[in-house]
Amino acid sequence: MAFESKEQAKAYWKENLSTMAYLLTIWFMVSFGAGILFVDVLNNFQIGGFKLGFWFSQQGSIYTFVVLIFVYVVRMNALDRKFNVQED
């Protein structure tokens, strides 16, 4: 990865860290928020016979994390193309 300037490298890493912070916030809200903080409210609903709060703490956070991995890959590929540092 070769940047044309230090400013370009800083801009790249700023966007990269912003993307990671955004995605980790979503993951935190789903895993900690839905699985722990809001479990009592969510347990009023059911998915597949299981209370929704239990489902989020056992399965939902894992599914969310896998989806966020794919979102991260897509966003990073777009960021690499934007700064012309993609791998061929």
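Residues numbered from 1 in each chain as written. Predicted model: local features only at pLDDT ≥ 70, side-chain atom pairs only at ≥ 80, totals over all residues. Heavy atoms only, no water.

Overview of the overall build of the chain
Okay, so step 1: The helix and strand inventory of the chain stands at three helices and two strands.
Okay, so step 2: Helices (α) and strands (β) of the chain occur, in sequence order from the N terminus, as α-α-β-β-α.
Okay, so step 3: Summarising its shape, the C-alpha atoms of the chain cover approximately 55 × 25 × 15 Å along the three principal directions.
Okay, so step 4: Looking at the 88 residues of the chain, the share that counts as buried comes to 27%.
Okay, so step 5: Side chains of the chain give 7 positive and 7 negative charges; the mean places of these two sets differ by 7 Å. (Helix = DSSP H or I, 4+ residues; strand = E, 2+ residues; numbered from the N terminus. Buried < 20%, exposed > 50% of the residue type's maximum accessible area, 1.4 Å probe, protein only. Lys, Arg positive; Asp, Glu negative; His and termini not counted. Charge placed at Lys NZ, Arg CZ, Asp CG, Glu CD.)

Quick notes on the UniProt feature "transmembrane region" (unreviewed entry) in the chain
Okay, so step 1: Under the present numbering, the feature "transmembrane region" (unreviewed entry) in UniProt falls on residues 21-42 and 54-74.
Okay, so step 2: Between the end C-alpha atoms of residues 54-74 there is a gap of 30 Å, over a span that is 100% helix and 0% strand. (UniProt positions renumbered as here; feature names shortened; annotations may be inferred.)

Re the UniProt feature "domain: Sodium symporter small subunit" (unreviewed entry) in the chain
Okay, so step 1: The sites that UniProt annotates as "domain: Sodium symporter small subunit" (unreviewed entry) are residues 9-85.
Okay, so step 2: End C-alpha to end C-alpha, residues 9-85 measures 10 Å, and it is 83% helix and 5% strand.

Details of the environment of Val39
Okay, so step 1: Positionally, Val39 belongs in helix α2 (residues 39-42).
Okay, so step 2: When the C-alpha atoms of Val39 and Trp55 are compared, they prove to be 9.6 Å apart, with 16 residues separating the residues in sequence.
Okay, so step 3: The contact partners of Val39, leaving out residues within four places of it in the chain, are Ala34, Gly53 and Phe54. (Contact = heavy atoms within 4.5 Å.)

Here's the deal with the environment of Asn77
Okay, so step 1: Looking at the element boundaries, Asn77 is found in helix α3 (residues 52-82).
Okay, so step 2: Judged by its relative accessible area of 37%, Asn77 is partly exposed.
Okay, so step 3: Residues Asn77 and Glu87, spaced 10 residues apart in sequence, show a C-alpha to C-alpha distance of 8.9 Å.

Here's the deal with helix α1 (residues 6-37)
An α-helical turn contains 3.6 residues, so a residue and the one three or four places further along point in the same direction.
Okay, so step 1: Residues of α1 that are buried include every one of Gln8, Ala9, Tyr12, Asn16, Thr19, Leu23, Val30, Gly33, Ala34 and Gly35, and no others.
Okay, so step 2: The inward-facing, buried residues of α1 contact α2 and α3.

Structural notes on unusual backbone geometry
Okay, so step 1: Despite not being glycine, Asn84 has its phi angle at roughly 55 degrees, a positive value.
Okay, so step 2: By the element assignment, Asn84 lies in the segment after α3.
Okay, so step 3: On the basis of relative accessibility, which here comes to 55%, the residue Asn84 falls in the exposed class.

Here we look at α3
Okay, so step 1: A bend of about 45 degrees at Gln59 is the largest found in α3.
Okay, so step 2: Looking only at α3, the buried set comprises Leu52, Gly53, Phe56, Gly60, Ser61, Thr64, Leu68, Met76, Leu79 and Asp80.
Okay, so step 3: Lining the buried residues of α3 we find α1, α2, β1 (46-47) and β2 (50-51). (Bend = angle between axes of the 7 residues up to and from the residue.)

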